[in-house]
Structures are given as structure tokens and as C-alpha cells.
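So the chains spell out like this:
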Amino acid sequence: MISKKQLVEVAVDTEEGRVPLGIMNARQALALPDDLDVEISHPDHEPGNTDRFIQKDELRRHLDER
């Protein structure tokens, strides 16, 4: 079960660099459309203050392990 309190930063990678879209809970990040190519901060790190980003499938696996 995914905790609603697990906050992550969602960002897109552009030619100019990573652009943050915002901070949301893990459930919201996983609910984003699959055709939206986003990177998600690792849930074990502070959102908005980390350079460790993962893809949605890795976030899903990570949260399923908990």
C-alpha cells in the first residue's frame, strides 16, 4: 500500500535541464499519465532537495517493497 504522506518531487528533463513540476505524494505521482515523461525524486530523500530521481516503475517497485 502506498502512503499518502510519502512526498516526492516530479520533474521533466528539458534541453535547459530539469524543470520541477511540483511536489506531490507518491500516489499522485504514480497516477500521472504514462505518456508524460517525468522523473520522480527518490522517496527516501527530501523532495526538492535531492538530485536522486527515478522513473515511475522504479517508484512503484520501491513502494511495493515497504
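Note that the coordinates shown come from a computational prediction; the quantities given were computed from them, not determined experimentally.

Here is what the cut-offs are and how they apply
Residues numbered from 1 in each chain as written. Predicted model: local features only at pLDDT ≥ 70, side-chain atom pairs only at ≥ 80, totals over all residues. Heavy atoms only, no water. Core = buried A, V, L, I, M, F, W, Y, C linked by side-chain atoms within 4.5 Å. Buried < 20%, exposed > 50% of the residue type's maximum accessible area, 1.4 Å probe, protein only. Helix = DSSP H or I, 4+ residues; strand = E, 2+ residues; numbered from the N terminus. Contact = heavy atoms within 4.5 Å. Salt bridge = Lys/Arg side-chain N within 4 Å of Asp/Glu carboxyl O.

What follows deals with the nonpolar core. The nonpolar side chains of a soluble globular protein tend to be buried with one another. Judged by nonpolar contacts, the single largest core of 13 residues is most densely connected at V10, A29, V38, I40 and L59. Going through the elements one at a time, strand 1 (7–14), helix 1 (26–31) and helix 2 (56–64) are the ones with two or more residues in this core. Discounting chain neighbours no more than four positions away, the residues touching I40 are V8, E9, V10, A29, R52, F53, I54, K56 and L59.

Let's shift gears to the pattern of salt bridges. Counting across every chain of the model gives 4 salt bridges. Measuring nitrogen to oxygen at the nearest pair gives 2.8 Å for the salt bridge that ties E39 to R18. Placement of E39 in strand 3 (residues 39–41) and of R18 in strand 2 (residues 17–25) is noted, with a sequence separation of 21 residues between them. For R18, a relative accessible area of 38% translates into the label partly exposed. One salt bridge connects D34 with K56, and the closest N-O pair in it is separated by 2.9 Å. Taken together, the residues D34 in the loop between helix 1 and strand 3 and K56 in helix 2 connect sequence positions 22 residues apart.

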